[in-house]
Every structure is written in structure tokens, then in C-alpha cells.
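Analysis of the macromolecular model
So the chains spell out like this:
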Amino acid sequence: MIGLVECECMIYDAASLKDKRAVLQRILTRLKQRYNVSVSEIDFQDTWQRTKIAIVTVSSSRQSLEKELNNCLKLIDSFPEIERAVTEFEWL
């Protein structure tokens, strides 16, 4: 089973693309290191304060997928620079 979560987020303190990418790079790197997931920015690459992140993982059961993806969302929420606005789950 494949689990996908898409998060639309706001980075209010970003005054440039460089600021945004610095925050985003820390979050994406931490997600990749801590959890067994693939993660990428999938939308709003040229917008300073807005981003959309996709996180994908594979497992044999939906319960383990949900746990893993919810842990990823908790990690994103632990960063004070970013605010998660819209979150969508998909199961394939």
C-alpha cells in the first residue's frame, strides 16, 4: 500500500526565495533522515511565503502508513517558521 500526504504551508517570515528555501531545506532534510519517506516541494516553487510539500511512503498495512505520515506531520508542525494550512491524504 502507498500513502501520500500533500501539505500546503505558509512561511510568514520569508522575505525572499532564499529565506524560504533555507527553512524548507531544513524541514525536508529532517523528514528524510528521521523517517523512511520520500519528500519534495511540488508546488509554489517561485512564491516566497507559500509552499506545497508531498510526502510518500510504502508499507504493507494502512495503519503503519497512517502512523508514519502523522509523525511526519507532527515534525512539520514542530517548526515555528512554518504553518500547515491544507492537508490531504491519499491511499493507493
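Located above this text is the structure these notes cover.
Since the structure is predicted, the reported quantities are computational estimates derived from the model, not experimental observations.

Let's shift gears to helix 2 (residues 62-77). Here helix 2 is 16 residues long and its end C-alpha atoms lie 22 Å apart, about the 22 Å a rise of 1.5 Å per residue gives. Taken residue by residue, helix 2 has Leu65, Leu69, Cys72, Leu73, Leu75 and Ile76 as its buried positions. The buried residues of helix 2 occupy an angular sector of 155° when the element is viewed end-on, so they sit on one face. More than 90 degrees from the buried face of helix 2, the exposed residues found are Gln63, Lys67 and Lys74. Looking at the buried side of helix 2, the elements it contacts are strand 1 (2-10), helix 1 (17-34), strand 3 (50-58) and strand 4 (83-91).

This part takes up the pattern of salt bridges. Per the counting criterion, the structure on display carries six salt bridges. Arg50 serves as the salt-bridge partner of Glu8, at 2.5 Å between the closest nitrogen and oxygen. With Glu8 in strand 1 and Arg50 in strand 3, the pair connects residues that are 42 residues apart, well separated along the chain. Given a relative accessible area of 31%, Arg50 falls into the partly exposed group. Arg26 is paired through a salt bridge with Glu81; the nearest N and O atoms lie 3.6 Å apart. Here the residue Arg26 occupies a position in helix 1, and Glu81 occupies one in the loop between helix 2 and strand 4, the gap between them amounting to 55 residues. Among the residues examined, Glu81 registers a relative accessible area of 23% and is labelled partly exposed.

The next thing to look at is the sheet that holds strand 1. If you trace the four strands from one edge of the open sheet to the other, you get 2-3-1-4, paired in antiparallel fashion. The sheet terminates laterally at strand 2 (38-43) and strand 4, the two strands that pair on one side only. For this sheet, the mean inter-axis angle between neighbouring strands, taken without regard to orientation, is 20°. Relative to strand 3, strand 1 runs antiparallel, the two being bridged by nine bridges. Looking across to strand 3, one finds that Cys7 is bridged to Ile53. Its contacts with the sheet place helix 2 against strand 1, strand 3 and strand 4, and it is angled at close to 165° to strand 4.

So, how was this worked out
- Residues numbered from 1 in each chain as written.
- Predicted model: local features only at pLDDT ≥ 70, side-chain atom pairs only at ≥ 80, totals over all residues.
- Heavy atoms only, no water.
- Helix = DSSP H or I, 4+ residues; strand = E, 2+ residues; numbered from the N terminus.
- Expected span 1.5 Å × (residues − 1).
- Buried < 20%, exposed > 50% of the residue type's maximum accessible area, 1.4 Å probe, protein only.
- Arc of directions from axis to C-beta.
- Contact = heavy atoms within 4.5 Å.
- Salt bridge = Lys/Arg side-chain N within 4 Å of Asp/Glu carboxyl O.
- Pairing = 2+ DSSP bridges.
- Axes fitted to C-alpha atoms, helices over the stretch in contact; angles between N-to-C directions.

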